[in-house]
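Letter by letter, the chains look like this.
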Amino acid sequence: RQQLYRELRDKPAVSKDGVAVDLLMNAGLAVDLPQLADSGAAGIGLFRTELQFMVASTFPRAETQERFYRDVLDATRGKPVTFRTIDIGGDKVLPYFKTVAHEENPALGWRAVRLTLDRPGLLRSQMRALLRAAAGRELRVMLPMVTELGEIERSREIIDKEVTHLSRFGHLLPTSLKVGAMLEVPSLLFQLDELMQAVDFVSVGSNDLFQFVMATDRGNSQLADRFDPLSVPFMRVLKQIAEAGARSDTPVTLCGELAGKPITAMALIGLGYRSISMSSASIGPVKAMLAELPVRALASFIDENLAGVSARLPMRALLQTFADDCG
Ligand code: PEP
Ligand code: MG
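The rules behind the values
Throughout this description, residue numbers start from 1 for each chain and increase along the sequence as written. The lettering of chains begins at A and the numbering of ligands begins at 1, in the order of writing. Where totals are concerned, whole chains, interfaces and linings use all residues; where local detail is concerned, this predicted model gives features only for residues with pLDDT of at least 70, and gives and counts side-chain atom pairs only at 80 or more. Numbering of helices and strands runs from the N terminus, with a helix taken as a DSSP run of H or I at least four residues long and a strand as a DSSP run of E at least two residues long. As a reference, a globule follows 2.2 Å times the number of residues to the power 0.38, and the radius of gyration itself is taken over C-alpha atoms. For the exposure call, what matters is how many other C-beta atoms sit within 10 Å of a residue's own: 20 or more marks it buried, 12 or fewer exposed, and in between partly exposed, using C-beta atoms placed from the backbone. C-beta atoms are first placed from the backbone for all residues, and any pair lying within 7 Å is then listed as a contact. For each residue, a C-beta atom is placed from the backbone, and the residue counts as near a molecule or strand when that atom lies within 6 Å of it. Each residue is assigned to one of three groups, with Ala, Val, Leu, Ile, Met, Phe, Trp, Tyr, Cys and Pro labelled nonpolar, Asp, Glu, Lys and Arg labelled charged, and all others, Gly among them, labelled polar. To count as a nonpolar core, a set of buried Ala, Val, Leu, Ile, Met, Phe, Trp, Tyr and Cys residues must be joined through C-beta atoms within 7 Å. Note on pairing: two strands pair once DSSP finds at least 2 bridges between them. Axis lines are fitted to C-alpha atoms, over the contacting stretch for helices. Their N-to-C directions set the angle, which ranges from 0 to 180 degrees. A right-handed crossover is one whose linking path, passing over the helix from the first strand to the second, runs clockwise when the strands point away from the viewer.

J.: Please clarify how the overall build of the chain should be interpreted in this entry.
T.: Summing up its helical and strand segments, the chain has 14 helices and 8 strands in all. Here the C-alpha atoms of the chain give a radius of gyration of 20 Å, agreeing with the 20 Å that 2.2 N^0.38 yields for 327 residues. With the principal axes as the frame, the chain shows a C-alpha extent of 60 × 45 × 35 Å. Each of the 327 residues in the chain was classed as buried or not, and the buried ones make up 38%. Counting only contacts in the chain whose residues sit at least 6 apart along the sequence, the fraction spanning at least 24 positions is 70%.

J.: How should unusual backbone geometry be read in this particular structure?
T.: Most of the time, phi is negative for any residue but glycine, and the peptide bond is trans. Of note, alanine 215 is a non-glycine position whose phi angle comes to about 50 degrees, a positive value. Along the chain, alanine 215 falls in the loop between helix 9 (206-213) and helix 10 (232-248). You will see that aspartate 249, though not glycine, has its phi angle at about 60 degrees, which is positive. By the secondary structure assignment, aspartate 249 is in the loop between helix 10 and strand 7 (252-255). On the neighbour-count criterion, aspartate 249 (7 C-beta atoms within 10 Å) is exposed.

J.: Help me out: how do you make sense of the site of ligand 1 in this one?
T.: With respect to spatial proximity, the complete set of residues near ligand 1 consists of Leu46, Arg48, Asp87, Glu184, Gly205, Ser206, Asn207, Asp208, Cys255 and Gly256. When residues in the shell around ligand 1 are grouped by element, the largest group, 3 residues, is from helix 9. Residue composition of the shell around ligand 1, grouped by class: 2 nonpolar, 4 polar and 4 charged.

J.: How do you make sense of the nonpolar core when you look at a structure like this?
T.: Inside soluble globular proteins, nonpolar side chains tend to come together where they are buried. Among the nonpolar cores identified, the biggest contains 82 residues, and Leu23, Leu130, Ala181, Leu268, Ile269 and Ile276 are the most heavily contacted of them. If we ignore the near neighbours within four places in the chain, the residues touching isoleucine 276 are Val21, Leu23, Leu24, Thr253, Leu254, Ala259, Ala265 and Leu268.

J.: Any chance you could explain the sheet that holds strand 8 (residues 275-278) here in plain terms?
T.: Sheets are built from strands paired through backbone hydrogen bonds, the pairs being either parallel or antiparallel. Pairing is parallel around the closed barrel formed by 8 strands, whose spatial order is 1-2-3-4-5-6-7-8. Mean inter-strand twist for the sheet, computed between neighbouring axes without regard to direction, equals 25 degrees. Lying on the sheet, helix 12 (residues 283-291) is in contact with strand 1 (22-27) and strand 8; it crosses strand 1 at an angle near 165 degrees.

J.: Help me understand the environment of glutamate 243 in this model?
T.: Residue position: glutamate 243 is located in helix 10. Look at glutamate 243 and you get partly exposed, because 14 C-beta atoms sit within 10 Å. Along the chain, glutamate 243 and leucine 143 lie 100 residues apart, while their C-alpha atoms are 21 Å from each other.

J.: Just checking my understanding: could you explain the pairing of strand 2 (residues 44-48) for this structure?
T.: Each regular strand displays side chains that alternate between the two surfaces of the sheet. Burial analysis of strand 2 places 5 of its 5 residues in the buried class, which makes it a mostly covered element. Judged from the 3 bridges that link them, strand 1 and strand 2 form a sheet pairing that is parallel. Each residue of the ladder has a partner; that of methionine 25, found in strand 2, is isoleucine 44. Crossover strand 1 to strand 2 through helix 2 (residues 34-39) is right-handed. Inspection of the sheet shows strand 2 paired to strand 3 (residues 81-84) by 3 bridges, in the parallel sense. Note that in strand 3 the partner of isoleucine 44 across the bridge is valine 81.

Right, dumping it as structure tokens:
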């Protein structure tokens with residue numbers, strides 16, 4: 001198998017029937033970067049910038065952040081990188097940053113974009129570091145835990161102000177700046193078309209989205225296998241997102257654990273996802289699965305079974321039979 005993955009590494013990621021899929025990797029620290037070349041990923045679909053903050057003992061200075069982001073962009077040699085603005089709070093605590101003393105439900109608490117909108121200095125200095133690091137190159141950033149569209153608008157204002165500030169002082173700017181939102185809070189499912197209009201791209205955070213749609217703590221081992229992401233309701237959610245993206249020509253990626261297992265990655269591709277981001281170790285297995293996959297046949301198979309009022313078997317079992325038939 002390892003031999004097969006190595007052979008596939010420098011080959012394009014295409015299905016048996018010729019559908020190309022961007023297989024991207026998740027990263028967050030310098031140690032992850034060599035995996036980009038080793039795995040053959042097409043880029044970094046999720047760069048968790050908060051990890052750099054979590055391993056530090058105080059807030060990293062703007063220059064330290066800038067140097068780090070520049071190293072990341074240098075290491076990726078033109079492959080796209082999507083930087084997520086700091087996703088702290090919830091389960092990701094910074095020992096040196098006092099948030100509220102006690103939260104009954106930290107996952108639903110003061111975190112991510114909620115926090116950076118209340119402490120705009122954090123977003124401003126991070127954006128300045130990113131903009132400077134990406135001078136003369138493409139910059140992609142995305143906002144975590146967006147709940148309502150106003151949060152995107154207000155974050156964009158802060159970002160645009162930094163762009164204006166840097167250009168006024170004669171700094172070279174990125175050649176392009178794309179701002180996206182993570183879709184991981186269910187409220188956005190009820191304003192999908194407006195969301196697609198409000199951003200340059202969307203990235204589904206399937207770990208949190210599943211947690212919130214199913215009301216199931218992602219870290220609770222007691223519940224780990226109780227509900228299935230490959231169940232009718234969650235697959236319908238994922239399908240609606242892919243369809244809304246296609247309707248408005250807004251690129252949609254999915255970054256979360258679902259992208260990294262061959263059977264769930266297969267389902268995503270069948271649902272219409274053409275860009276998925278996973279741990280680097282999953283790139284080989286998913287690419288090998290893709291090479292054997294007739295995507296159009298799978299899409300019809302999913303449509304038939306997802307539309308029916310009651311499927312004969314659970315979706316996962318149906319998808320497994322499809323996968324077995326493909327070898
Ligand atoms: C997610 O929620 O699916 C995600 C990719 O982000 P994280 O796991 O860092 O919350
Ligand atoms: Mg998340």
